Amino acid sequence: MTEKKIPRVKLPADARLATLAVREGLPASAWGENSEALFLTSSFRQPDAATAAARFANEEEAFIYSRFTNPTVTMMERRLAALEGAQGCIATSSGMSAILLLGMGLLKAGDHVICSRSVFGSTIMLFGREFAKFGVETTFVSQTDVTEWRRAVKPNTKLLFAESPTNPLTEVCDIRALSEIAKGAGAWLAVDNCFCSPALQRPIEYGADLVIHSGTKYLDGQGRVIAGALCGPEALIDEKFVPVMRSAGMSLSPFNAWVVLKGLETLAIRMQAQSAAALQLAQWLEAQPQVERVYYPGLASHPQHALAMAQQSGSGGAVLSFIVRSAADRAEARRCAFHVIDRTQVCSITANLGDTKTTITHPASTSHGRLTEEQRQAAGITQGMVRVAVGLEDLADLKADLQRGLETLTA
Ligand SMILES: Cc1ncc(COP(=O)(O)O)c(C=O)c1O
């Protein structure tokens with residue numbers, strides 16, 4: 001039992017999210033800095049040997065060694081936990097290492113996982129290939145068909161894992177329904193909240209036990225760092241994840257934590273502006289004759305539109321995909337998608353998302369390029385598909401950027 005605790009910032013108990021986004025963290029240091037300090041130090045001096053012993057034995061909470069405790073990282077963890085409505089948070093070196101920590105903390109040989117088959121490609125590889133090496137079996141199921149999740153439950157099911165909305169098809173899962181299945185199975189539900197961020201969606205409010213983040217995306221929000229985090233109940237974090245972090249060291253660097261910490265201050269207004277622009281761009285694309293279909297949860301035509309609006313604070317988020325109209329031939333579809341991407345002058349051709357700079361990518365040859373054509377077809381990721389993660393540029397410039405390619409498509 002830890003007796004001495006690291007102090008908290010003095011804030012009203014009912015401080016609201018916008019306030020917590022800029023104020024939650026740690027009290028200022030002895031120098032009274034107004035912007036949070038960056039503690040670039042690998043270790044912390046201890047006042048005497050006995051105190052050091054108490055701190056290493058977890059009898060006293062204090063900063064010891066930056067593989068598992070650093071004030072800048074703690075500030076980021078506390079702020080993100082507050083925004084997610086979680087008791088606690090543990091920051092990791094990347095979004096993937098947050099999922100690695102999740103698996104290492106919760107699973108052992110003989111356990112079973114149910115995972116949406118529409119999650120990020122590296123997540124599929126981590127569960128399907130890497131964890132399998134250690135005797136953990138994963139069943140991949142439909143993102144949207146709750147009965148498939150229910151049928152996949154086994155006596156040894158320990159974890160349900162979903163991501164919502166997904167990349168690039170923007171499929172939305174029903175978090176509350178999955179949470180009921182997880183509870184019935186005595187398993188944990190973890191949701192990757194990378195696409196919405198807590199500014200739009202707070203999975204814990206819908207019954208998720210744990211929330212995963214790639215801080216690389218909207219939390220930083222300006223495409224500067226690789227970062228990750230896992231949010232959830234404090235006791236679970238202390239018992240299951242802190243020991244793994246201490247032994248395995250997938251820690252977030254203080255510098256990257258500081259960048260994310262400052263990014264969180266503007267998260268809500270960025271998400272609001274980028275999502276509003278994405279909705280307008282999606283509506284515009286839907287009206288273009290050269291566009292066959294638009295995937296965006298904010299559109300009434302999206303199959304899970306109502307669910308998305310309820311679960312995502314009435315917003316579709318800032319990522320959309322569309323299919324360029326072309327002849328049925330796959331090679332021709334790919335040529336048309338490349339044509340649209342290559343005519344852009346403002347958008348960045350890059351697979352990242354969550355940046356203030358709009359990014360454009362061809363999922364079939366980048367993020368999903370490792371899949372076979374058959375797997376891609378099954379997943380609905382066609383050669384004519386283009387994904388846009390909308391940033392903060394003027395919407396008129398973004399429309400003109402896409403129009404340049406669309407109107408010069410040749411049959
Ligand atoms: C939904 C989702 N989860 C996790 C990750 C992995 O995050 P990172 O690149 O920070 O490891 C990504 C990366 O694109 C992602 O899109």
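For every chain, the first residue of its written sequence is number 1, and the numbers climb from 1 along that sequence. Local features in this predicted model are restricted to residues of pLDDT 70 or higher, and side-chain atom pairs are both shown and tallied only at a pLDDT of 80 or more, whereas totals for entire chains, interfaces and linings draw on every residue. Here the side-chain values reflect all heavy atoms present in the structure, with hydrogen atoms and water set aside.

(A) Geometry of the site of the ligand. Throughout, the term near means that a residue has one or more heavy atoms lying within 4 Å of the molecule or strand in question. All residues in the neighbourhood of the ligand are listed as Ser-94, Gly-95, Met-96, Phe-120, Glu-163, Asp-192, Cys-194, Ser-214, Thr-216, Lys-217 and Ala-227. Under the rule applied, a polar contact is a pair of N or O atoms within 3.5 Å (in protein, one hydrogen donor and one hydrogen acceptor; residues adjacent in sequence only if both atoms are side-chain atoms). Separating an oxygen atom of the ligand from a backbone N or O atom of Gly-95 is a distance of 2.9 Å. At a separation of 2.8 Å, an oxygen atom of the ligand approaches a polar side-chain atom of Ser-214. Per-residue accessibility takes into account occlusion by the displayed protein chains alone, with areas from the Shrake-Rupley method and a 1.4 Å probe. In the complex, 89% of the free accessible area of the ligand, which totals 390 Å², lies under the protein chains. Classifying every residue of the shell around the ligand gives four nonpolar, four polar and three charged. Three categories are distinguished: nonpolar for Ala, Val, Leu, Ile, Met, Phe, Trp, Tyr, Cys and Pro, charged for Asp, Glu, Lys and Arg, and polar for the others, with Gly belonging to the last.

(B) Here's a closer look at the pairing of strand β3 (residues 137-141). The rule for pairing is simple: two strands pair if DSSP sees at least two bridges between them. Under the DSSP-based scheme used, a helix requires at least four consecutive residues in state H or I and a strand at least two consecutive residues in state E, with every element numbered from the N terminus. In this structure, strand β2 (residues 112-116) lies alongside β3, joined through five bridges in parallel fashion. Looking at β3, one finds that Ser-116 is bridged to Val-141. Crossovers are marked right-handed if the path from the first strand over the helix to the second runs clockwise, as seen with the strands pointing away from the viewer. Since β2 and β3 lie parallel, the crossover through helix α5 (residues 121-133) that links them has a hand, and here it is right-handed.

(C) A look at the packing of aromatic side chains. Only the six-membered ring of Trp is used, alongside the rings of Phe and Tyr, when aromatic pairs are assigned; centres must lie within 6.5 Å, and planes under 30 degrees apart are stacked while those over 60 apart are edge-to-face, with the rest tilted. Evaluated as defined, the whole model comprises four aromatic pairs. Pairing Phe-44 with Phe-63 gives two aromatic rings, centres 5.7 Å apart and planes at 40°, and the pair type is tilted. One end of the pair, Phe-44, is in the loop between α1 (17-23) and α2 (49-56); the other, Phe-63, is in the loop between α2 and α3 (71-84), with 19 residues separating them in the sequence. For every residue, the accessible area (1.4 Å probe, protein chains only) is compared with the maximum for its type, and the residue is labelled buried under 20%, exposed over 50%, or partly exposed between those bounds. For Phe-44, a relative accessible area of 18% corresponds to the buried category. Judged by its relative accessible area of 16%, Phe-63 falls in the buried class. With a centroid separation of 5.2 Å and an interplanar angle of 55°, the aromatic rings of Phe-127 and Phe-161 are classed as tilted.

(D) Summary view of the sheet that holds strand β8 (residues 291-295). Spatial ordering of the open sheet is given by β8-β9-β12-β11-β10, a layout of five strands whose pairing is mixed. One side of each edge strand has no neighbouring strand; the edge strands of this open sheet are β8 and β10 (348-349). Alignment of strand β9 (residues 319-324) against strand β12 (residues 385-389), held across five bridges, turns out to be antiparallel. Among the inter-strand pairings, Leu-320 is bridged to a residue of β12, identified as Val-388. Whether two residues are in contact is decided by their heavy atoms, any of which lying within 4.5 Å being enough. Comment: axis = line fitted to C-alpha atoms, over the contacting stretch for helices; angle = value between 0 and 180 degrees taken between N-to-C directions. Contacts from helix α11 (residues 267-286) reach β8, β9 and β12, with the element oriented near 15° to β9. Strand contacts of helix α13 (residues 330-342): β9, β10, β11 (359-361) and β12, with the helix running at about 130° to β9, the strand carrying the most contacts.

(E) Representation of a nonpolar patch on the surface. A cluster of nonpolar side chains, Leu-38, Leu-40 and Phe-255, forms an exposed patch at the surface whose accessible area comes to about 280 Å². On the secondary structure map, Leu-40 appears in the loop between α1 and α2. Nonpolar side chains (Val, Leu, Ile, Met, Phe, Trp, Tyr) within 5 Å and like charges within 9 Å form the patches, drawn only from residues with over 30% relative accessible area and no salt bridge. The term salt bridge refers to a side-chain nitrogen of Lys or Arg lying within 4 Å of a carboxyl oxygen of Asp or Glu.

(F) Main features of the pattern of salt bridges. Applying the stated criterion across every chain, the model contains 21 salt bridges. Glu-61 serves as the salt-bridge partner of Lys-5, at 3.9 Å between the closest nitrogen and oxygen. Linking Lys-5 in the segment before α1 with Glu-61 in the loop between α2 and α3, this pair joins segments that are 56 residues apart in sequence. With relative accessibility at 56%, the residue Lys-5 sits in the exposed group. In this structure, the salt-bridge partner of Asp-111 is Lys-158, at a minimum N-O distance of 3.0 Å. Taken as a pair, Asp-111 in the loop between α4 (95-106) and β2 and Lys-158 in strand β4 (residues 157-163) lie far apart in primary sequence, 47 residues in all. A relative accessible area of 24% means that Lys-158 is categorised as partly exposed.

(G) Layout of the nonpolar core. What makes a nonpolar core is a set of buried Ala, Val, Leu, Ile, Met, Phe, Trp, Tyr and Cys residues whose side-chain atoms join them at distances within 4.5 Å. In this structure, Met-76, Leu-80, Tyr-218, Val-260, Leu-264 and Leu-267 are the most contacted members of the largest nonpolar core, which totals 37 residues. Contributions of two or more residues to this core are made by α3, β1 (88-92), β7 (228-232), α10 (254-264) and α11. It is α3 that contributes the most residues to this core, six residues altogether. Once you skip the residues sitting within four places of it in the chain, Met-76 turns out to touch Ala-91, Ala-229, Leu-252, Ala-257, Val-260, Leu-261 and Leu-264. If you look at the next biggest cluster of nonpolar residues, it comprises 27 residues, including Trp-284, Val-294, Leu-299 and Ala-337.

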